[in-house]
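# Coordinate inspection notes
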Amino acid sequence: MRLPRPFRSFGALLLVVLLGVGCSQEKDAFLNRTFHRLTTRDNGWFNANEKLKEVVAGMEDAHVDNYDEVLPLFIYGTEAQAKTAIPELEKCIDKCSVVIERHSMNIGGKERNTWIDDAWFVIAKSNFYKKNHYEAERGFTYVSRRFKGENRHLESLVWLARTAILLEQFGKAQSALDEIDNQKVLPKRFDHGELEAVKAELALKRGKVDDAIVHLEAAIPNARTKKERVRWAFVLAQLYQMKGLEEKSIKQFDAVARMSPPYEMAFHTQIFQALAFSKGNSKEIRKKLNRMLRDDKHIDHFDMLHYALADLDLKERKDSSAIAHLMTSARVSTTDTRQKAKTFLKLADLYFEDRIYASAQRYYDSTQTILSEEHVRHDEVSTRARVLGELVEQLAIIEREDSLQALAQLDEKDLDKKIRGIIRAREQAEAERLQAEELARAAAEANPDAGKPQPPTGGVTRGAWYFYDPQQIGRGLSSFRKKWGNRPLEDDWRRKDKSGSALADLPEEKEEAEEKEAAEKKEAEWKDPAFHTKDIPKDDVALEASNARICAALYTSGMIYKEQLKDADNAIESFEVLNGRFEECRYTPESFYQLYRIYLEKEQTTNYFAPDGLGSAYYAGVIQERWPDSEFARLVRDPNILQADDARRKEEETAYKEVYDRYRQHMYSSVIVSCDGVIENEPRNHFLPKYHLLRALALGGLRDHAGFRAALNEVKTKFAGTDEERAATEMLAALDRTAGSAPPPPPKQGAAGVYATDPGPHFFALIIPNEGSDLNSVKTRISAFNQQYYPSTPVEITSSFLDPQHQVVLISGFTTKDMAMQYHNLFTGGSEQLAGINDQGYPAFPITTANYTQLYKSKDVEGYTSFFTQNYLDRQ
């Protein structure tokens, strides 16, 4: 039955009145509370919370674990993911901010809307996943203090601890966790598993592995989700393994395998069980690994399986079998460059321990091309590759000169026969190589899908389209690196010299034709017998030069063994071979002195006694008899000279560091004066090469391009074979590559500003040239960028002339230095929206009002940029 019109009008009027009464935020009535709570929960908070969960799920799904390290207990996303998610997270913050503004019921100092703390909590979590951790910390602190006893009180304390751990504020994190532990009663729905996991994370950050194990053992049974339980159980197994608890580790990995983990984790549980094995019978583990090798779904992990078998072999002292498995691991590697680096590194270490330095050098060299720069052994590997490379180079010189001298002893008929034998052996090796390549190519063409695994089960997602398939991308990357090495993605990546010569404009087909022609010419060379005889020493002068090269190579290799590899036995052998082979050569006195030093150290540190009488006393006697007036004889007679020399070296090092500190403070003129004084007055200074290089760098700092180049050439000439010579050579090559570009502009004239840091409000300044710039377009595009990334922040854009050639675009609205730096990182991070603005090298930086006033007066953009780099960027 339809109501009469008067009743319908009255009902509508009554509804409007009730809504009007309920909208009031200042009345603590049932209708008001109900209205604001429902509106908060269903309109703002729910949508924001769902959006936040969606963003977090995306970060977790995109996460790729590094199983070479202990897995993180929680996944927070990368900086790049956070940057991408900022627009969505800003929407969450915006929605909840509106909810708080319109529906908060703060009456009598108490919040009557029970969903307001939830809105604040979403804002804090959104800032957390934006990597704006200080804002997140303030948000969680506010919720935990303002809403004590409410449903988000304890959860905020947990997240406050998680934030403080990321900020390395471990005391604050512990205080937040202690506050939870001091609660007499915890709510029934409180997540005890998360609490224990956060305690474990804090313990790990503090290096307390035993405490972390205890907390994880308590966290796993209380985990809310299967994903959490599996991850925490896997980490617990890793921690057992780290502490050497092999049986517990194997048992825990087995427990993880029964939890149906994702494919990658399930596979690594099998591998880590093998790696955790240390005693007993490995038959069952080997059987399991070999069974996995017969399953093609693991084909992209065959390298890891062979590595695990090699590890078992090494533990059972089967070194030859281990090396064979490692060789196979390297050969079958497809997509996992991290595993390939581990394999190469293990081979390099094995050969290094066995003092097979040529093989060790090859594998260290291969390792450094694919090893991550963040790897804990990256610097060590690079150093060993370089040092062993120098050693192998010297050994190759000795081998080559010995071969040439042996050929010189043959008569013409035997020499011709020997050369033809060398050519035939080379032809056979080349034929075998080409045949192997042809067979591999034919197999690939006959079965193009060979080696491609079936999609793995267990939750691993694979891209449907070929170009989005991570396995295919990885395989292509691996194939590329096998041919070209670890090259950066850039224009003309195939070309070593990218300077703008006419050759740079040749089409790729012509380049390939020229490369092929050069290869054919090189091949024709070694097939000509004259190629192998041209360097044979055929007279006394040539033979003397050959012996001089052998003498130098023997001494250099001995010094590498002694000083850089700490291999006294091989050093002794090199020096003794030199002394036995040559009665007198350029390095004979030095060789005898090095043998004296080696034996003296052995006698003093290990009570060594030479049974043949060839100890330090013998070599000291030879030196004093054959070279009585030399520096070496003086050092033998008075060993205290070395101690005095060490003391002088320490003093010189202190003085050099003081000059270097002035260089870092851009006091270039003072540095040049000090360097000139040392160079002129202290020719025996241990740091003389460094002073020469530092002087060159200071000249470069003063924009003296001619002086800079001349000083670098002087370093290159005077100090051949040193680190300083290598650095100078690299800088000269860089200068040659940029020879056609205009020199950097000189500093602006005017009084340099005196700048100071301040954590308070900041502008963001962008300096753009007048010529060729559309200022309105620039401001419009920056405004669009701000709308996307800072929709709820009142950011204003203004512009003014800085000088006749430049304008400054000033962006205001950043209340703290951290907020301005976050904007700087986003602005300069390569956003496509700002292409043509943030990729042109324009100066761009946060700046306080006081510093901007100084900058505007002095026009010293370069000076402020230097201040900004040292006080903002270097401290991040």
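Check the entry above for the structure.
These numbers come from a predicted model, not from an experiment.

### So, the environment of Asn 66
Within the fold, Asn 66 resides in the loop between helix 2 (30-62) and helix 3 (79-103). Under the relative-accessibility criterion, Asn 66 is labelled partly exposed at 22%. Separated by 272 residues in the primary sequence, Asn 66 and Arg 338 place their C-alpha atoms 9.0 Å from one another. Every residue in contact with Asn 66, bar those within four places of it in the chain, is listed here: Leu 71 and Arg 338.

### Concerning helix 11 (residues 246-257)
For helix 11, spanning 12 residues, the distance from its first C-alpha to its last is 16 Å, which sits close to the expected 16 Å at 1.5 Å a residue. Among the residues making up helix 11, those that are buried are Ser 249, Gln 252, Phe 253, Ala 255 and Val 256. For helix 11, the angular spread of the buried residues around the axis is 155 degrees, confining them to a single face. Exposed residues lying more than 90 degrees from the buried face of helix 11 are Glu 247 and Lys 251.

### A closer look at the sheet that holds strand 6 (residues 844-847)
Backbone-to-backbone hydrogen bonds pair the strands of a sheet. The strands run either parallel or antiparallel. Spatially, 4-5-3-6 is the arrangement adopted by the 4 strands of the open sheet, whose pairing is antiparallel. Every interior strand has two partners, whereas the edge strands, strand 4 (796-803) and strand 6, have only one. Mean inter-strand twist for the sheet, computed between neighbouring axes without regard to direction, equals 25 degrees. Note: strand 4 against strand 5 (residues 806-814), 7 bridges, orientation antiparallel. Each residue of the ladder has a partner; that of Ile 797, found in strand 5, is Ile 811. Relative to strand 3 (residues 762-769), helix 34 (residues 817-827) is tilted by about 35 degrees, and along the sheet it contacts strand 3, strand 5 and strand 6.

### Details of the pairing of strand 6
Side chains of strand 6 alternate between two faces, with Ala 844 and Pro 846 and Phe 845 and Ile 847 buried alike. Bridge analysis of strand 3 against strand 6 gives 4 bridges, and the strand direction is antiparallel. If you follow Phe 763 over to strand 6, its bridge partner there is Ile 847.

### A few points about the state of the cysteines
Under the definition given, this model contains 1 disulfide. Of all cysteine sulfurs in the structure, the one in Cys 92 sits closest to Cys 96, which takes part in no disulfide; the separation is 7.0 Å.

### Some thoughts on the pattern of salt bridges
For the coordinates displayed, the defined rule picks out 49 salt bridges. With a closest N to O distance of 2.7 Å, Asp 313 and Arg 286 form a salt bridge. Of this pair, Asp 313 sits in helix 14 (residues 302-315) while Arg 286 sits in helix 13 (residues 283-293), and the two are 27 residues apart along the sequence. The same class applies to Asp 313 and to Arg 286, which are both buried. Across the salt bridge formed by Asp 349 and Arg 377, the nearest N and O atoms sit 2.7 Å from each other. Of this pair, Asp 349 sits in helix 16 (residues 337-353) while Arg 377 sits in the loop between helix 17 (357-370) and helix 18 (378-408), and the two are 28 residues apart along the sequence. Like Asp 349, the residue Arg 377 is buried in the burial classification. Members of the salt-bridge network, linked through shared partners, are Arg 400, Glu 401, Lys 534, Asp 535 and Arg 549.

### Overview of the packing of aromatic side chains
Following the criterion strictly, the structure yields 49 aromatic pairs and no others. Centroid distance Phe 128 to Tyr 129: 5.3 Å. Interplanar angle 80 degrees. Geometry classified as edge-to-face. Phe 128 gets classed as buried once you look at its relative accessible area, which sits at 1%. Each ring, one from Phe 234 and one from Phe 272, has its centre 5.8 Å from the other, and the planes form 40 degrees; the classification is tilted. With Phe 234 in helix 10 (residues 226-242) and Phe 272 in helix 12 (residues 263-276), the pair connects residues that are 38 residues apart, well separated along the chain. Under the relative-accessibility criterion, Phe 234 is labelled buried at 0%.

Thresholds, definitions, all that
- Within any chain, residue numbers begin from 1 and follow the written order of that chain's sequence.
- In keeping with the model being predicted, local features are shown solely for residues with a pLDDT of at least 70 and side-chain atom pairs are shown and tallied solely at 80 or more, while totals for entire chains, interfaces and linings include all residues.
- Side-chain measures were taken over the full set of non-hydrogen atoms in the model, leaving aside hydrogen atoms and water.
- Counting from the N terminus, the helices are DSSP H or I runs at least four residues long and the strands are E runs at least two residues long.
- Categorising residues by exposure relies on relative accessible area from a 1.4 Å probe, with only protein chains included: less than 20% of the type maximum marks a residue as buried, more than 50% marks it as exposed, and the intermediate range marks it as partly exposed.
- Two residues form a contact once any of their heavy atoms are found within 4.5 Å.
- Each helix should span, by expectation, one fewer than its residue count multiplied by 1.5 Å.
- In this context, the arc is that of the directions from the helix axis out to the C-beta atoms.
- Any two strands are treated as partners once DSSP identifies two or more bridges connecting them.
- Only the stretch in contact is used when a helix axis is fitted, and all axes are lines through C-alpha atoms; the angle between N-to-C directions ranges over 0 to 180 degrees.
- In this description, a disulfide is simply a cysteine sulfur pair whose atoms lie within 2.5 Å.
- For this document, the term salt bridge refers to a Lys or Arg side-chain nitrogen within 4 Å of an Asp or Glu carboxyl oxygen.
- Working definition: a ring pair exists when centres of Phe, Tyr or Trp rings (six-membered ring for Trp) sit within 6.5 Å. Plane angles under 30 degrees give stacked, over 60 give edge-to-face, the rest tilted.

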